[in-house]
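Here are the chains, one letter per residue:
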Amino acid sequence: EAGQTKNTLVIFTSDHGESLGAHGRRGKGTFFEESIRVPLMMRLPDKIPHGKSIDIPTSSIDVFSTILDYTGNKVYDESDGKSLRRFIDESNINHSHDNEVAVSETDYRDPTAGDGHHLTRRLGDKPNFMVVKDNWKLTIPKLASSPTKDQLYNIALDPFEMNNMLGHNAASASTEIIGKAEHLKVLLIEWMERMNGGSKGYYSNPVFNAGEGRGDIVEVKSRRTWNHLPVWVSDTELMIGQPALIGSTYIRNEYLFIGRTSQGKDLGVYSISLEGKDGHFFDLTGFLTGPIHPGTHKRVKVTFQSSRQYEDFAINLDAQIRVCHSEGKDIIIKLQGCNSIMSGGKCHVTEESDEDDDAQIGISYKIY
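Residues numbered from 1 in each chain as written. Predicted model: local features only at pLDDT ≥ 70, side-chain atom pairs only at ≥ 80, totals over all residues. Heavy atoms only, no water.

Trainee: Even after reading the chapter, I still don't get the pattern of salt bridges, so can you show me in this structure?
Mentor: Opposite charge on two side chains makes pairing possible when the charged atoms of those side chains draw close. By the definition in use, this model includes 25 salt bridges. In this structure, the salt-bridge partner of lysine 180 is aspartate 235, at a minimum N-O distance of 2.9 Å. Placement of lysine 180 in helix 4 (residues 175-194) and of aspartate 235 in the loop between strand 8 (232-233) and strand 9 (237-240) is noted, with a sequence separation of 55 residues between them. Accessibility assignment for this pair places lysine 180 and aspartate 235 in one class, buried. With a shortest N-O distance of 3.6 Å, glutamate 190 and arginine 299 are connected by a salt bridge. Here the residue glutamate 190 occupies a position in helix 4, and arginine 299 occupies one in strand 15 (residues 296-306), the gap between them amounting to 109 residues. Each of Glu33, Arg37, Lys137 and Glu161 takes part in one network of salt bridges that share partners. (Salt bridge = Lys/Arg side-chain N within 4 Å of Asp/Glu carboxyl O. Helix = DSSP H or I, 4+ residues; strand = E, 2+ residues; numbered from the N terminus. Buried < 20%, exposed > 50% of the residue type's maximum accessible area, 1.4 Å probe, protein only.)

Quick look at the structure:
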C-alpha cells in the first residue's frame, strides 16, 4: 500500500529449533541439527536474486551485519558478525582465513538462588562449542579434562546424527577422521583468537568462565580424546569453493592444515608442492617446509587464480598437493572442483521460478 515493496528488506528466521523427540529430547539446548539449525530467507528486489539457495554454514550473528550492509549503514557495524552479502554477490575469497565456518557456543551454568556467586553446574558438563565446516560438525566441551564425549558428524552422510565418527571411544577413530577433528578444532581456535577482544581476553582469560579452567583457547588446544598421530592433515581431498571475479581474474583461497600430536621429535616437512596439468592455476604460500613441533600445526594457503571461468574445468580438475615429510610415505591431497564432490557439496544452487517477482523469496541459507 505504501509502494515500498521493492525498497524493503524482508528477513524470515528464528532463534532456535526444537528437538521434538529427536535423540530422546523434547526442547532446545543441544547442538543437534533439530535444535541448532534454523531457517534464514531474505528478500530485497533488484539486490538479492530470487530463488537462490546458498549451502554455506552461517550464524545468526551475521544477520544484523547483513541488514546494516543492505541498508547502507555498514560503516556503523561494530558487531562480531559479518555481512552475508559476500555469499549472495559471490565475492567471498577467504582472504586471510576460512570464513565459511559457523561457530556456536553455550554455557549451561546458572547462578544459584543464594548469593549469585556460585553456579549450578560445572563447566564442561555438556558440550560448549560447536564448529561447522562444509558437511562436518564437531562439538567439544570447554575443559580439557571433561569426561563429556566429543562428537564429530558428517551431516551429508548422516543427517540425523546417529553415528558419532569419533565413536564411544575416540581412540578407535581412523587417521582421516582424526585429521578432520583436528581441522575443526583448529578452525575453532582461530575463531576464538579473532574474537578474543584484544587485551580483554574473552577466550583466554579464565575470569570469563567464572574462574573455571585456564581460558577457552588453552583448554581447547589441550583437549584431545582421540589418538595422537605423528602427522595429520585436515583434508585428503581439498574442495576449492566458488571463486570470486576480482577485476578480470577469478580468485579463491582455501587452507590446508598439517600437524603433529605425537610426543617426541619434531615432524620434518621437506616440501609441499603442486602437481597435475591444472597445478599452474594454483599458488601455495605460508608454511611450505620446516619443522612442526609436537602438539602444534601449520597452515598452507592454497590460492586459485585464473582468467578462465572456473566451471570450465572444475569438474575435471587435475591438480594435487604432495607433502614430503619425515614420517614415511608422501601425503597426496587431491584438489577438487566444488561441483565434483559427490557428497552433495556444491558451491551453491540457483533455482529459477516463473512466479511473479514480488511473491518470490530472495535467498535462503543454512544457518546456525
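Trainee: Looking at this model, I keep getting lost on helix 4. Mind explaining?
Mentor: In an α-helix, one turn spans 3.6 residues; hence positions three or four apart end up facing the same way. Look at helix 4: 29 Å from first C-alpha to last across 20 residues, which is about the 28 Å you get at 1.5 Å a residue. Counting buried residues along helix 4, 16 of its 20 residues qualify, which places the element largely inside the surrounding structure. (Expected span 1.5 Å × (residues − 1).)

Trainee: What is the right way to read the pairing of strand 12 (residues 267-275) from this model?
Mentor: Two faces belong to every sheet, and in a regular strand the side chains alternate between them. Relative to strand 14 (residues 290-292), strand 12 runs antiparallel, the two being bridged by three bridges. Bridge pairing links leucine 267 to isoleucine 292 in strand 14. Pairing between strand 12 and strand 16 (residues 320-325): six bridges, direction antiparallel. Paired with isoleucine 272 across the bridge in strand 16 is valine 323. (Pairing = 2+ DSSP bridges.)

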